[in-house]
Amino acid sequence: QALARLDEEISRCRACPRLVAWREEVAAVKRAAFRDEDYWGRPVPGFGEPDARILILGLAPAAHGGNRTGRIFTGDRSGDVLFSALHRAGLANQAESVSVDDGLRLHDVRIAASVRCAPPDNKPTPAERDTCAPWLLREVSLIKPTLRVVVALGAFAWAAYWPLLSSGYGVKPPKPRPSFGHGAVWRSPTAPTLIGSYHVSQQNTFTGRLTPGMLDEIFALAKTEVKT
Ligand code: DU
Ligand code: SF4
């Protein structure tokens, strides 16, 4: 099927030299706790349903999370927070996401990263986001018939929505761009609604900037929005 072919194509991309070097170095050196595992060490494709109405857009794979397991938000603390929330919202069959064969199934949700290779310090550059944007565009073009809502985790993903809006939907992004915030919403009559959420990284969850309740509100909003 088309998405599987796209995933395969993405996983061979080497367009960003800095990220190719980092993802492979991390995969070779490994973290001590995962010494006996084979790291994926490649671009991490999207995960979830081909007929999803909700697309969750993250930042980039975690070095020892998605870059290790080969599935986005899988095997890291960010993912624990995200999938617990999806499970509470009825959008995932389980709260745990540890490996590609853990039985996790999403309902009505697809998850992708704005940049598909693990970046140093979890910090991809806007240039790398632009380089990776065509993959997002192609993924969205395949789920376009059902897609209604994009949940942007963090300001970086929020910014990745606008080029998608213009090239994927032929809608001119508003000027100035609506600002990112937790619970910020932007609607278009002809493109998926954009919802902003603080990112599920430990920086936000450990400090209490993002609580489970705040994440529940985001997915409740997304579920309401797909029906309107
Ligand atoms: O702390 P951690 O769960 O290992 O995640 C590290 C880092 O990666 C965190 O800042 C979030 C980020 N991240 C992301 O932005 N998108 C993903 O899909 C997975 C992790
Ligand atoms: Fe390719 Fe995206 Fe990885 Fe860059 S970040 S190498 S464009 S998959």
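Residues numbered from 1 in each chain as written. Chains lettered and ligands numbered in written order. Predicted model: local features only at pLDDT ≥ 70, side-chain atom pairs only at ≥ 80, totals over all residues. Heavy atoms only, no water.

Asker: Let's hear about the packing of aromatic side chains: which residues, and what values?
Answerer: If you walk through the whole model with that rule in mind, you get six aromatic pairs. Taken together, a centroid distance of 5.8 Å and an interplanar angle of 70° make the contact between W158 and F180 edge-to-face. Of this pair, W158 sits in helix α6 (residues 155-169) while F180 sits in the loop between α6 and β5 (185-186), placing them 22 residues apart in sequence. A centroid spacing of 6.0 Å and a plane angle of 70° characterise the contact between Y161 and W186, whose relative ring orientation is edge-to-face. Taken as a pair, Y161 in helix α6 and W186 in strand β5 lie far apart in primary sequence, 25 residues in all. The ring of F47 carries R71 above its face, with NZ or CZ at 4.5 Å from the centroid. The residue whose ring lies beneath R209 is Y198, and the NZ or CZ to ring-centre distance is 4.1 Å. (Phe/Tyr/Trp six-rings, centres within 6.5 Å; stacked < 30°, edge-to-face > 60°. Helix = DSSP H or I, 4+ residues; strand = E, 2+ residues; numbered from the N terminus. Lys NZ or Arg CZ within 6 Å of the ring centre and 35° of its normal.)

Asker: Account for the pattern of salt bridges, with residues named and values stated.
Answerer: Side-chain pairs of opposite charge can arise whenever the charged atoms involved come near each other. The full count for this structure, using the stated rule, is 15 salt bridges. Where R110 meets D7, a salt bridge forms, and the shortest distance between an N and an O atom there is 3.3 Å. On the criterion of sequence distance, the pair formed by R110 in strand β3 (residues 109-113) and D7 in helix α1 (residues 2-10) is long-range, its members being 103 residues apart. One salt bridge in this structure joins E139 and R116, with 2.8 Å as the shortest N-O distance. You can see E139 sitting in helix α5 (residues 126-143) and its partner R116 sitting in the loop between β3 and α5, a full 23 residues away along the chain. On the basis of relative accessible area, E139 is assigned to the buried category, the value being 1%. Beyond isolated ion pairs, a larger network of salt bridges with shared partners links D7, R110, R116 and E139. (Salt bridge = Lys/Arg side-chain N within 4 Å of Asp/Glu carboxyl O. Buried < 20%, exposed > 50% of the residue type's maximum accessible area, 1.4 Å probe, protein only.)

None of the figures reported here should be taken as evidence of function without further support.
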